[in-house]
Amino acid sequence: MPFFITSVELLLYIHCIHCVVYFCYRCVMCLRSLHSLTSSHPFFDISVMSPSLHSLKLQILEQHTDQLQGFAWKEDGSLLASSCKDKNLRIFDPRAQLSAVQCAQGLQTNRDSRVLWVKDDYILTTGFNQHRQQEVKLWDTRSLNSSLSSVSLGTSNGTLMPLYDPDSGLLVVSGKGDSVIDCFEVTTSDPFLSQVSHCLSDAPTRGVAMVPKLALDIGVCEVLRVMQLTENFIIPISYHVPRKGGQDFHADLYPDTLGHMAAMTADEWWAGANKQVQRVSLHPDKRPRGRAQRASQVPAKELPRGRSKEEPSSSSSPLSTPSSSAAPSRSPSSTSGLSSGFLPSPSQGSRAIHTMLGPSSKFRHIQGTVLHRDTHITNLRGMSLTTPGECDGFCANGQRMAVPLAISGGQIAVLELSQPGKLPDTALPTIQNSVNVADFCWDPFDSSKLVVAGDDAKIRMWKIPEGGLVETLTEPACILQGHTEKIYSIKFHPHASGLLASSSYDMTVRLWDLENGVEVKKLHGHQDQIFGMAWSPNGKLLATVCKDGKVRLYDPRKSAEPIQEGPGPEGHRGGRIVWVCDGQYLLVSGFDCRSERQLYLFSATSLASGAVASAPADVAPSTLIPFYDPDTSLAILTGKGDTRVYIFEITPEVPHFIECSSFHASEPHKGLCFLPKTQCNVRDVEVARAVRLGKTTIEPVAFKVPRVRKEFFQDDVFPDTAVWWEPALSAAAWLSGSDGQHRKISLRPTDMTLVSEAPKEAPVRKYLPSSVYLEEKTDEQKKEELLSAMVAKLGNREDPLPQELFEGVDEEEWDD
């Protein structure tokens, strides 16, 4: 094709699926070369011209008022959409008029954005919201006043690059510099955007591209393939539907796709023609010869699997994504409560799915739900946002919550869970510590006892009156002194009453007997700031994670020095530690050398050998705070200022991390605190309940597992739970060498039957036996069926006709 270039115009060749056109980007400020749509020039015109030099046609569309960031053709080639730095979305019909036929402000910020057409009259934009989070929005071009749906992804600065497959309705987005590739299903009805998978890899993305449909391996039900460009590699990411592959062609997965032959010339398009590109079949026997070799015939070399994995989200899909080539895949598929539109074959068994996708979690479809507004506490004012990184932000037990306030004197408000509603505009009664609060927590065995650590290296114990706080408290019940510098964090012993551990800037961990108000143990060995600490489930050991890059294990009753230590997270921004898998492993959340959030799993018996498994999360400044439920082996993690709550099932066997659906909040939260298991509604298969601290509200969040037979008690999800809110022994007994265990209770209501003992349901045939179709019918049977069908279609003919319901006039009223 010839190019026509003048001294004042730069022509860029663009291939439309319906014709061949040229675009010209003219800078009105200078005549330098245009390198990309996101160059530094402030103003651009879009120009369209015919490729024919004999009949040159140049059309300059209406000038954008700021930098043009993205544009896209509609699938039928009739309209053009653009996104601009002035936050406006524009729709052009180049053949009808040079100005935009529609223009509306659709973007919230002027940061880099992209736009593409999806289905029919719908467009999709990627950009950033007012909270600087990456955002995907779906719009109806017939009404650009508001978006149909939006999804917030993360706080990364990378520009989102969208790829859309019109045949499957799948959207793939990835940010430049991010290690995340998200896949959504786009529909024209609610929920519009359903997340299918969340693929993570070690290598940051430099670019993504979609492989043509004719190159897919339909023999293994591959519906999409994306190529990820990293700094040193090009990594294929393949999306499969778990069906029985082989000789069968699944027509529902592979509709006819657009071919590669232009439907018309540019002159014909300018003249008003609207021819469509001819579609081709993906069936192996019907494919166009000479165009593309069948993928099933191309020998493929086995690629090493990457360290990426499929992270479940807020929609259900049996799609699997063997992703990057950096480490083994850790999650089977993306799963959750919404349907993605790809359904497995009826003949596909769970064993076959397990073989194709790896281990699967029964909690993979777990759903987080904010409870009704009647249970919320609202109008919370003056909340403190400056609590240290080692503090969880707020804490709660089964009866009340403690929230720090941004008032001088280290004041903490105590709110009753049993009294939801709007808080008064007047000042609340508080606890006054007289110094800034470093950390605080409730006594697990006494819901009225709150322990607060301050900047003055003192620990104060407060006693909340029965019925809640009605007046300001200024005098604590007890003050503990011993640390020489500011305290980091405090943790109660899980079994012994009145036994508290504290860590400080003096790089020591001290144990306290609250009953006697004295220090009983002092642990050494740390070389820097102590990020977090955790007691083992049996209460014998204490684990810590430190800024010096070490994970340490103590047996406080035997030695003041660590009995084990090993390499921990490489990053120095923060960390948390918790025991998992009945005390066999330690789960550590921290940062890697690139300041990306990571999860690490350490064997409690061999810390020196390093982490046995790791799972990348995302890029965010706050440390992931973990909560672990020993009954379900679920680890639920989120950070202060996040909108996403990650959920993993932790297993002692490989792959250790099995990702489940994530919970997405509508706005960033300041903290998430979990309540005792007795607060869960087991009739609704609620496995965990938390309270979420928002900007001005406290909202209960229920985490539920979708089950069909809810009338039965799900004993596979609700084993007997430990009564951890009752002490097993005293602090003095533990210090003398005794150990105790919590008793266990069943959460089963008396009127519910165990699902393991429930009568099995008779299988329902989805298809009629072949004998029904092969049976030869007589003529009389055929006539009877035809007559019955006609009668059913006509409906009830005994109803009176409309004209029979009209009322006439009396005979006497007729004029002669």
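Throughout this document, residue positions are counted from 1 along each chain, in the order its sequence is written. Where totals are concerned, whole chains, interfaces and linings use all residues; where local detail is concerned, this predicted model gives features only for residues with pLDDT of at least 70, and gives and counts side-chain atom pairs only at 80 or more. Side-chain numbers here rest on the full set of heavy atoms in the structure, without hydrogens or water.

### Remarks on the overall build of the protein chain
Consideration 1: Check the secondary structure of the protein chain and you find 5 helices and 57 strands.
Consideration 2: Burial status across the protein chain gives 52% buried among its 816 residues.
Consideration 3: Contacts in the protein chain between residues at least 24 apart in sequence constitute 51% of all its contacts with a sequence separation of at least 6.
Consideration 4: Note that accessible areas follow from Shrake-Rupley with a 1.4 Å probe, and for residues the cover is restricted to the protein chains shown. For the protein chain, the computed accessible surface area is about 38000 Å², with 51% contributed by carbon and sulfur atoms. Where helices and strands are cited, they refer to DSSP runs of H or I of at least four residues and of E of at least two residues respectively, numbered from the N terminus. Each residue is assigned to one of three classes by its accessible area relative to the maximum for its type, calculated with a 1.4 Å probe on protein chains only: buried under 20%, partly exposed between the two thresholds, exposed over 50%. Contacts are residue-level and defined by heavy atoms, with any inter-residue pair within 4.5 Å sufficient.

### Some points on the pattern of salt bridges
Consideration 1: Any Lys or Arg side-chain nitrogen found within 4 Å of a carboxyl oxygen on Asp or Glu counts as a salt bridge. In total, this model carries 38 salt bridges according to the counting rule given.
Consideration 2: In this structure, R225 and E222 form a salt bridge, with 2.7 Å as the shortest nitrogen-oxygen distance.
Consideration 3: A relative accessible area of 21% places R225 in the partly exposed class.

### Overview of the environment of T426
Consideration 1: Tracing the backbone shows T426 in the loop between β28 (421–422) and β29 (430–432).
Consideration 2: Judged by relative accessible area, T426 falls into the exposed class, the value being 57%.
Consideration 3: Along the backbone, T426 and R381 are 45 residues apart, and their C-alpha atoms lie at a distance of 9.7 Å.

### A word on the packing of aromatic side chains
Consideration 1: Any two rings among Phe, Tyr and Trp, with Trp reduced to its six-membered ring, count as a pair given centres within 6.5 Å; such a pair is stacked if its planes are under 30 degrees apart, edge-to-face if over 60, and tilted if neither. For the structure on display, the rule yields 12 aromatic pairs.
Consideration 2: Relative to W269, the ring of W73 lies with its centre 5.4 Å away and its plane at 90 degrees, an arrangement referred to as edge-to-face. Linking W73 in strand β5 (residues 68–73) with W269 in helix α1 (residues 266–270), this pair joins segments that are 196 residues apart in sequence. Across this residue pair, the class does not change: W73 and W269 are buried.
Consideration 3: Between W535 and W734, the aromatic rings sit 5.7 Å apart at their centres with planes inclined by 90 degrees, giving edge-to-face as the arrangement.

### So, the sheet that holds strand β45 (residues 597–603)
Consideration 1: Between any two strands, at least two bridges found by DSSP are needed for them to pair. The strand order β43-β44-β45-β46 describes an open sheet built from 4 strands, whose pairing is antiparallel. In this open sheet, the two edge strands, each paired with only one partner strand, are β43 (576–580) and β46 (611–616). Each adjacent strand pair in this sheet contributes to an overall mean axis angle of 20 degrees, direction not counted.
Consideration 2: Alignment of strand β44 (residues 585–591) against β45, held across 7 bridges, turns out to be antiparallel. Of the residues in β45, the one forming a bridge with L586 is F602. In this description, a line fitted to the C-alpha atoms serves as the axis of each element, helices being fitted only across the stretch in contact, and the angle between N-to-C directions of two axes falls anywhere from 0 to 180 degrees.

### Quick look at the sheet that holds β29
Consideration 1: In space, the 4 strands of this open sheet follow the order β25-β26-β27-β29, with antiparallel pairing throughout. Edge strands, defined here as strands with exactly one partner in the open sheet, are β25 (395–396) and β29.
Consideration 2: Note: strand β26 (residues 400–404) against strand β27 (residues 411–416), 5 bridges, orientation antiparallel. Paired with P404 across the strands is I412, a residue of β27.

### Topic: the side chain of T126
Consideration 1: Mapped onto the secondary structure, T126 falls in strand β10 (residues 122–128).
Consideration 2: Under the relative-accessibility criterion, T126 is labelled buried at 2%.
Consideration 3: Whenever two N or O atoms come within 3.5 Å, that pair is a polar contact, provided that in protein one can donate a hydrogen and the other can accept it, and provided that, for residues adjacent in sequence, both atoms are side-chain atoms. Polar contacts involving the side chain of T126 include one to the main-chain carbonyl oxygen of L160, which spans 3.3 Å.
Consideration 4: In this view, T126 contacts D112, S113, R114, E135, V136, L160, P162 and V173; residues no more than four positions away in its chain are not counted.

### As for the environment of H64
Consideration 1: Its location among the elements puts H64 in the loop between β4 (58–60) and β5.
Consideration 2: Spatially, the C-alpha atoms of H64 and A100 are 9.9 Å apart, while their sequence positions differ by 36 residues.

### With respect to the pairing of strand β12 (residues 149–152)
Consideration 1: Side chains of β12 alternate between two faces, with S149 and V151 buried and S150 and S152 left unburied.
Consideration 2: As paired elements, strand β11 (residues 134–140) and β12 share 4 bridges and run antiparallel to each other. Each residue of the ladder has a partner; that of L138, found in β12, is S149.

### Comments concerning the pairing of strand β6 (residues 80–84)
Consideration 1: The element β6 is largely enclosed, with a buried count of 5 among its 5 residues.
Consideration 2: By the alternation rule, side chains of β6 split into L80, S82 and C84 and A81 and S83, which are all buried.
Consideration 3: Pairing of β5 with β6 involves 5 bridges; the strand directions are antiparallel. For G70, the partnering residue across the bridge sits in β6 and is S83.
Consideration 4: With antiparallel pairing between neighbouring strands as the criterion, β5 and β6 make up a hairpin whose turn holds 6 residues, including G77 at a positive phi of roughly 75 degrees.
Consideration 5: Where β6 and strand β7 (residues 88–92) come together, 4 bridges link them in antiparallel fashion.

### As for the confidence of the model for the protein chain
Consideration 1: Averaged over all residues, the pLDDT of the protein chain is 80; the fraction at 70 or higher stands at 79%.
Consideration 2: The model gives residues 50–55 a pLDDT under 50, and that stretch makes 16 contacts with residues more than four places away or in other chains.
Consideration 3: Segment residues 291–318: pLDDT under 50, and 121 contacts once partners within four positions in sequence are set aside and those in other chains are kept. Known as pLDDT, the predictor's confidence for each residue is given on a scale from 0 to 100.

### Comments concerning the side chain of T697
Consideration 1: Here T697 lies in the loop between β53 (686–693) and β54 (698–704).
Consideration 2: A polar atom in the side chain of T697 sits 3.5 Å from the side chain of E699.

### What to know about unusual backbone geometry
Consideration 1: D190 connects to P191 through a cis peptide bond whose omega is 15 degrees.
Consideration 2: Within the secondary structure layout, P191 lies in the loop between β15 (180–186) and β16 (193–200).
Consideration 3: Phi is positive for D120, close to 55 degrees, though the residue is something other than glycine.
Consideration 4: By secondary structure assignment, the location of D120 is in the loop between β9 (114–117) and β10.
Consideration 5: Of note, D582 is a non-glycine position whose phi angle comes to about 55 degrees, a positive value.
Consideration 6: Structurally, D582 can be placed in the loop between β43 and β44.
Consideration 7: Judged by its relative accessible area of 69%, D582 falls in the exposed class.

### A short note on the state of the cysteines
Consideration 1: Sulfur atoms of two cysteines make up a disulfide when they are within 2.5 Å. Tallied over the entire structure, the rule returns 0 disulfides.
Consideration 2: The structure places no disulfide on C183, whose sulfur is separated from the nearest cysteine sulfur, that of C199, by 9.9 Å.
Consideration 3: By relative accessible area, C183 is classed as buried at 0%.
Consideration 4: Distance from the sulfur of C673, which forms no disulfide, to the nearest cysteine sulfur (C395) is 6.3 Å.

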